[in-house]
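Structural overview for review
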Amino acid sequence: MPRKNSRTSRAVVVRDNSALDHRIPLPLSERHLNFRDRWSYAPAPEAHNYIKLRSRYELFIDGKFVAPASGKYFRSINPATEEKLADIAEANARDVDKAVKAARQAYNKVWGKMPGRERGKYLYRIARLIQEKSRELAVLESMDGGKTIKESRDVDLPLVAAHFFYYAGWADKLEYAFPGRTPQSLGVAGQIIPWNFPLLMAAWKLAPALAAGNTCVLKPAETTSITAMHLAEILQEAELPDGVVNIVTGAGNTGKALVEHDDVNKIAFTGSTSVGKLLTQAVAGTKKKLTLELGGKAANIIFEDAPIDQAVEGIISGIYFNQGHVCCAGSRLFVQEGVFPTVIRKLRDRIATLRVGNPLDKNTDIGAINSRMQLDKICELVDSGLQQGAELVQPRLRLPEKGYWYPPSFFTGVTASHRIAQEEIFGPVLSVMTFRTPEEAIERANNTPYGLSAGVWTDKGSKIFKMVNKLRAGIVWANTYNKFDPTSPFGGYKESGFGREGGRHGLLPYLTLN
Ligand code: NDP
């Protein structure tokens with residue numbers, strides 16, 4: 001029986017190893033070396049003493065850092081230590097109005113009239129500056145958001161620069177992107193982003209909007225505003241004309257003021273489905289264009305003929321990447337019955353090797369949960385899974401005393417009606433289910449209100465094509481998972497939202513085609 005961790009009284013369960021110790025001898029091909037604790041990693045901390053954190057971050061409006069009209073600031077903390085990093089300005093409706101006015105003026109006077117090849121030069125310059133400062137930005141991203149340095153350094157920052165480079169290339173080629181049409185920018189774009197990939201989401205929003213000739217007002221998430229303000233410094237250094245990008249920090253009300261502002265032409269939002277629905281209501285009946293990139297509950301489907309070891313690595317990167325704070329995370333695993341015991345055994349062994357802890361240690365696989373609120377949400381959903389009768393598997397590990405942590409976990413014995421099979425947990429928790437036939441896999445995978453992503457693991461190309469065509473998901477990865485590329489469109493069906501980001505498709509929401 002799983003038992004509750006007494007320190008936290010949360011549903012952190014230590015796995016019972018007795019089943020492992022008494023299992024029947026494995027065939028030679030399935031045996032593996034087990035070093036237990038005898039081979040542990042030496043600490044490999046990333047230096048961060050050179051990072052220049054300001055004690056207070058102001059708003060970025062019309063090319064300058066300005067104090068908020070509200071006079072209010074909120075704390076941004078490091079979720080791995082619970083230490084305060086800085087005070088962040090809280091923008092109210094007056095600040096948002098100032099930012100929108102600055103963006104409108106910059107659109108009318110400078111950016112809207114600027115030839116694409118000139119706009120492209122600025123974007124290339126921003127991309128190069130991001131590359132130059134990428135290590136510092138990666139460290140900041142890990143300190144502010146809790147993600148591992150391995151990921152912020154090797155995934156987030158390279159992709160941030162790649163998005164600016166990619167859209168810089170489109171800035172003077174919009175006519176070629178849409179042959180026979182005359183693309184025209186919209187005006188001012190209001191962009192609201194979440195906390196799971198703070199800089200990357202800023203790049204996904206800003207780069208295509210600017211390439212298409214729009215000006216922007218960006219609202220970062222409350223818990224992860226710091227790197228956006230360092231991006232603002234880069235925009236100054238790149239000498240981007242004043243007002244082309246404005247950044248207003250604050251909580252949900254700041255986002256609401258931006259959405260409701262009369263002089264915004266387009267709203268681009270990434271975040272929860274519930275807030276996405278509010279935004280849909282708010283822009284209904286206005287002329288504002290809207291794109292929504294919302295939640296997901298992706299099916300990762302493993303067939304019996306799949307390369308199982310690779311598939312297990314795909315499961316790991318599918319759900320434990322970025323602590324599971326990923327809208328396209330492979331959070332529902334469907335395993336064909338014949339390989340279920342093998343997959344579960346390998347997965348159980350593999351999660352025991354994942355290192356959870358200091359995000360700034362280069363060996364860490366799973367960093368801190370972004371906020372206490374998110375940790376509470378994960379715990380609540382895990383509790384519901386236990387109450388509804390699913391079985392939780394977690395490795396035996398010691399979590400740091402301070403900060404917000406959750407161990408890599410998976411549930412077996414899950415049915416489609418369980419909350420953990422339906423709702424986005426947005427944490428390192430996987431729900432495992434089985435299937436017998438491809439038809440059953442498709443039916444069960446599509447049995448969700450979401451439709452953002454999916455994964456298929458099989459040796460047969462024909463099976464991949466069959467599955468890909470029938471899965472109602474915006475992105476389907478075959479024999480891989482969580483791979484991102486600025487040239488490739490990303491977006492969902494159903495309650496995962498509408499509109500695409502990335503690729504040529506990512507330009508469309510920021511243009512009208514005459
Ligand atoms: P939200 O949808 O609340 O936040 C996303 C962004 O919208 C943030 O910048 C937020 O500001 C802002 N916002 C909040 N309320 C409003 C509003 N009424 N009008 C305009 N903007 C608003 O997500 P949460 O951070 O609360 O996360 C909750 C859940 O959402 C997660 O557990 C996860 O399931 C899902 N989620 C999905 C993401 C995805 O990529 N699909 C990303 C993040 C979360 P602020 O940060 O200040 O609240």
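Residues numbered from 1 in each chain as written. Predicted model: local features only at pLDDT ≥ 70, side-chain atom pairs only at ≥ 80, totals over all residues. Heavy atoms only, no water.

1. Some points on the overall build of the protein
- The helix and strand inventory of the protein stands at 16 helices and 22 strands.
- Taken over C-alpha atoms, the radius of gyration comes to 23 Å for the protein, in line with the 24 Å a tight globule of 514 residues would show.
- In the protein, buried positions account for 57% of the 514 residues.
- Within the protein, residue pairs in contact and separated by at least 24 positions form 75% of the contacts whose partners lie at least 6 positions apart.
- Here the protein displays about 21500 Å² of accessible surface, and carbon together with sulfur accounts for 51% of that area.
- Charged side chains in the protein number 67 positive and 54 negative. The centres of these two groups are separated by 2 Å. (Helix = DSSP H or I, 4+ residues; strand = E, 2+ residues; numbered from the N terminus. Rg over C-alpha atoms; globule rule 2.2 N^0.38 Å. Buried < 20%, exposed > 50% of the residue type's maximum accessible area, 1.4 Å probe, protein only. Contact = heavy atoms within 4.5 Å. Areas by Shrake-Rupley, 256 points an atom, 1.4 Å probe, with all protein chains shown as cover. Lys, Arg positive; Asp, Glu negative; His and termini not counted. Charge placed at Lys NZ, Arg CZ, Asp CG, Glu CD.)

2. Here we look at the site of the ligand
- What surrounds the ligand is a group of 27 residues, the closest being Trp-195, Lys-219, Ser-272, Leu-294 and Lys-377.
- Contacts to the ligand include Trp-195, whose side-chain N or O atom sits 2.6 Å from an oxygen atom.
- One nitrogen or oxygen atom from the side chain of Glu-424 is found 2.8 Å from an oxygen atom belonging to the ligand.
- Counting only elements with at least two residues in the shell around the ligand, the list comes to helix 9 (252–260), strand 12 (266–270), helix 10 (273–283) and helix 13 (372–387).
- Considering each element in turn, the shell around the ligand owes the most residues, 3 residues, to helix 9.
- Taken together, the residues that form the shell around the ligand break down as 13 nonpolar, 9 polar and 5 charged. (Near = heavy atom within 4 Å. Polar contact = N/O pair within 3.5 Å; in protein donor to acceptor, adjacent residues only side chain to side chain. Nonpolar A, V, L, I, M, F, W, Y, C, P; charged D, E, K, R; others polar.)

3. Considering the pairing of strand 13 (residues 289–293)
- In terms of residue burial, strand 13 counts as a mostly covered element, since 4 of its 5 residues are buried.
- Regarding topology, helix 10 serves as the crossover connection from strand 12 to the parallel strand 13, and that connection is right-handed.
- The pairing of strand 13 with strand 21 (residues 497–498) spans 2 bridges and is classified as antiparallel. Across the sheet, the residue bridging to Leu-292 is Phe-498, located in strand 21. (Right-handed = clockwise from strand over helix to strand, strands pointing away. Pairing = 2+ DSSP bridges.)

4. Side note on the confidence of the model for the protein
- Averaged over every residue, the pLDDT of the protein is 94; the share at 70 or more is 93%.
- Considering only residues more than four positions removed or in separate chains, one finds that residues 1–9, a stretch of pLDDT under 50, has 13 contacts. (pLDDT = per-residue confidence, 0-100.)

5. Details of the pairing of strand 15 (residues 332–336)
- For strand 15, a buried count of 5 out of 5 residues is recorded, marking the element as mostly surrounded by other parts of the structure.
- Where burial is concerned, the two faces of strand 15 agree: the one with Arg-332, Phe-334 and Gln-336 and the one with Leu-333 and Val-335 are both buried.
- Where the polypeptide runs from strand 14 (residues 299–302) across helix 11 (residues 308–320) and back to strand 15, its parallel neighbour, the crossover connection is right-handed.
- Note that strand 15 and strand 18 (residues 429–435) share 5 bridges and pair parallel. Paired with Gln-336 across the two strands is Phe-435, which belongs to strand 18.

6. A few points about the state of the cysteines
- Inspection of every chain in the model, using the stated rule, returns 0 disulfides.
- Note on Cys-328: no disulfide assigned, nearest cysteine sulfur contributed by Cys-327 at a separation of 4.7 Å.
- The exposure class assigned to Cys-328 is buried, which follows from its relative accessible area of 1%. (Disulfide = S-S within 2.5 Å.)

7. Details of the side chain of Thr-215
- Within the secondary structure layout, Thr-215 lies in strand 10 (residues 215–219).
- If we skip the residues at most four places from it in the chain, Thr-215 touches Ala-103, Arg-104, Ala-106, Tyr-107, Trp-111, Gly-187, Val-188, Ala-189, Gly-243 and Val-244.

8. Digging into the pattern of salt bridges
- Under the defined criterion, the tally for this structure stands at 24 salt bridges.
- For Glu-233, the salt bridge is made with Arg-54, and the minimal N-O distance between the two is 2.1 Å. Placement of Glu-233 in helix 8 (residues 226–237) and of Arg-54 in the loop between helix 1 (18–21) and strand 3 (56–57) is noted, with a sequence separation of 179 residues between them.
- Arg-54 sits in the partly exposed class, given a relative accessible area of 27%.
- Asp-309 is the salt-bridge partner of Lys-346, the closest N and O atoms lying 2.8 Å from each other. Separated by 37 residues along the polypeptide, Lys-346 in helix 12 (residues 340–351) and Asp-309 in helix 11 bring together distant segments of the chain.
- Its relative accessible area of 51% is what places Asp-309 among the exposed residues.
- Three or more residues joined by partner-sharing salt bridges are found here, namely Lys-150, Arg-355 and Asp-365. (Salt bridge = Lys/Arg side-chain N within 4 Å of Asp/Glu carboxyl O.)

9. Remarks on the sheet that holds strand 14
- Strand order in the open sheet made by the 7 strands is 16-17-18-15-14-19-20, with mixed pairing throughout. Strands with a single pairing partner mark the edges of an open sheet, and in this sheet they are strand 16 (391–393) and strand 20 (475–478). Along the sheet, successive strands turn relative to each other by an average axial angle of 20°, direction set aside.
- By the bridge criterion, 4 bridges tie strand 14 to strand 19 (residues 453–457) in an arrangement that is parallel. From the neighbouring strand, Ala-299 faces strand 19, where its bridge partner is Ala-454.
- Helix 13 contacts strand 16, strand 17 (409–412) and strand 18 of the sheet and is inclined by roughly 25° relative to strand 17. (Axes fitted to C-alpha atoms, helices over the stretch in contact; angles between N-to-C directions.)

10. Some thoughts on the sheet that holds strand 6 (residues 73–78)
- Ordered by their spatial adjacency, 3 strands build an open sheet running 3-7-6, and the pairing between neighbours is mixed. Each of the sheet's edge strands pairs with one partner strand only, and the pair in question is strand 3 and strand 6.
- Across 2 bridges, the pairing between strand 3 and strand 7 (residues 83–89) is parallel. Each residue of the ladder has a partner; that of Tyr-57, found in strand 7, is Ile-88.
- Relative to the sheet, helix 4 (residues 134–145) contacts strand 6 and strand 7, its axis offset from that of strand 6 by approximately 100°.

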